[in-house]
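Breakdown of the fold
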Amino acid sequence: MPKSGKKGVKKQSNLASDIKLSDFANSSARAGRLRKSVGTSLSKEAEDIRNVEDEDTAWYEKDLEEFQFLDISSSNRKKLRTKTTPEESLNRPGICYPIDVWFLIGRYIKPEDVKLFASICKDSHRVSRSYSFWMKMYKRYYQPNDRLPARLQPECIEQAFCLKTSVIRALYYMYPNFVNQLSSRMSNTDVYCLSNLCCTLMWRIQQNGKWLFHFKFTTSASASVAPLTLKSVMNDWWTGQDVCRKSQDRYVNYNPDEGCKILRFTCSHYVLVPPMVMGSRLCDVRINLAHDMRRQKLQLTFGHSNYRQSNKGSGFCKDSSGYSDFVEFDAVENLMILNWWHPQYPFEYNT
């Protein structure tokens, strides 16, 4: 009797361990025979697989008749080729936000993202040219500890004339990303970018027994723009003329040094530069080693295309475009090219 009892306990434990999930009524796995529809579909798939395996011919050995092409009519092809016209794109429904929304978004625009913000739509472009946009950007990054020039202090920067230019110059003193760019980037010494530019101004300063030369170059497009002086702007404001929005945007975004670059370098001795280089075009520029093999030698060739042959005996060199003036600076040091936004750029405003 006790032996049979033990055997019964073992059978119950085996039955409990052999239970599977498929034994339950709500199981997805079904036991028994498959339906006829399921069986026929499986048999068809098996036959298709066998037929594919039996085909040994490659695709490049088949004829064109054996391939199946899509039948695309000429009308359908025209529909695929047609593109949306500008008129259809303008007629599409869109959302026009109030300009106040763009003014609110402009408070959070970073200085390096102003170009992207201005290219979104007309209203964002209008906001990027407004007085409040640049004034709020200046106040956002201004700190009393920043060592700004007197012209870029809050007391002097509030005027609308050249506000955008002044704020951009101040950001290279205040904004960390712009300051890091100047510190990490090597000084720009690519003098070949000055070729074919017009020399508008030249001056020299004597410092510590050496001569510091400055050559100001500008593009033909910026030179053709009529200058706008602060005196004329003040007269318009006091007399009530040109107080519309377009003229205000012009005052705020006006930059007298747009497209200007200054070539600055130090020379160990004085070099006579003809005054006729001002107003002429830089035809050629070369940099070689000086005689001491330690410093550089700078050679500038200024072209005078408006000179006639009557000036042939005045010491000018003749080239294909006319007469040119050749200036050579030996033992050049600290050569730099300053853009209008650089902190070391010597800028002055017309009064």
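Here the structure is shown first, and the text comes after it.
What this report covers is the structure whose coordinates are included nearby. The structure presented is a predicted model; accordingly, all values stated were derived computationally and were not measured. (Residues numbered from 1 in each chain as written. Predicted model: local features only at pLDDT ≥ 70, side-chain atom pairs only at ≥ 80, totals over all residues. Heavy atoms only, no water.)

What follows deals with the layout of surface pockets. By volume, the second largest pocket amounts to about 380 Å³. Lining the second largest pocket are 18 residues, with Pro111, Val114, Lys115, Trp134 and Lys164 positioned closest to its centre. Contributions of two or more residues to the lining of the second largest pocket are made by helix H6 (114–118), helix H7 (122–128) and helix H10 (163–174). Considering every element that reaches the lining of the second largest pocket, the biggest residue donor is H10, with four residues. (1 Å grid on protein atoms, 1.4 Å probe; cavity = no way out; pocket = protein on both sides within 12 Å on 5 of 7 lines; lining within 4 Å. Points joined across faces, edges and corners; volume = space filled by probe spheres on them. Helix = DSSP H or I, 4+ residues; strand = E, 2+ residues; numbered from the N terminus.)

Next up on the list: the environment of Leu300. Inspection of the secondary structure assignment puts Leu300 in strand E5 (residues 296–304). With 17 residues separating them in the primary sequence, Leu300 and Cys283 have C-alpha atoms 7.9 Å apart.

Let us now look at a nonpolar patch on the surface. A contiguous nonpolar patch, built from Ile95, Tyr97, Val101 and Ile105 and spanning about 370 Å² of accessible area, is present on the exposed surface. Mapped onto the elements, Ile95 comes out in the loop between helix H4 (86–91) and helix H5 (99–106). (Patch = residues over 30% accessible without salt bridge, like charges linked within 9 Å, V, L, I, M, F, W, Y side chains within 5 Å. Areas by Shrake-Rupley, 256 points an atom, 1.4 Å probe, with all protein chains shown as cover. Salt bridge = Lys/Arg side-chain N within 4 Å of Asp/Glu carboxyl O.)

As defined by bridge partners, strand E4 (residues 281–289) adjoins E5 across eight bridges and the pair is classed as antiparallel. Looking at the pairing, Val285 lines up with Leu300 of E5. A loop of six residues connects E4 with E5, the two strands running antiparallel in sequence, and Met293 in this loop sits at a positive phi of about 60°. (Pairing = 2+ DSSP bridges.)

Geometric descriptors of this kind do not, in isolation, establish any biological role.
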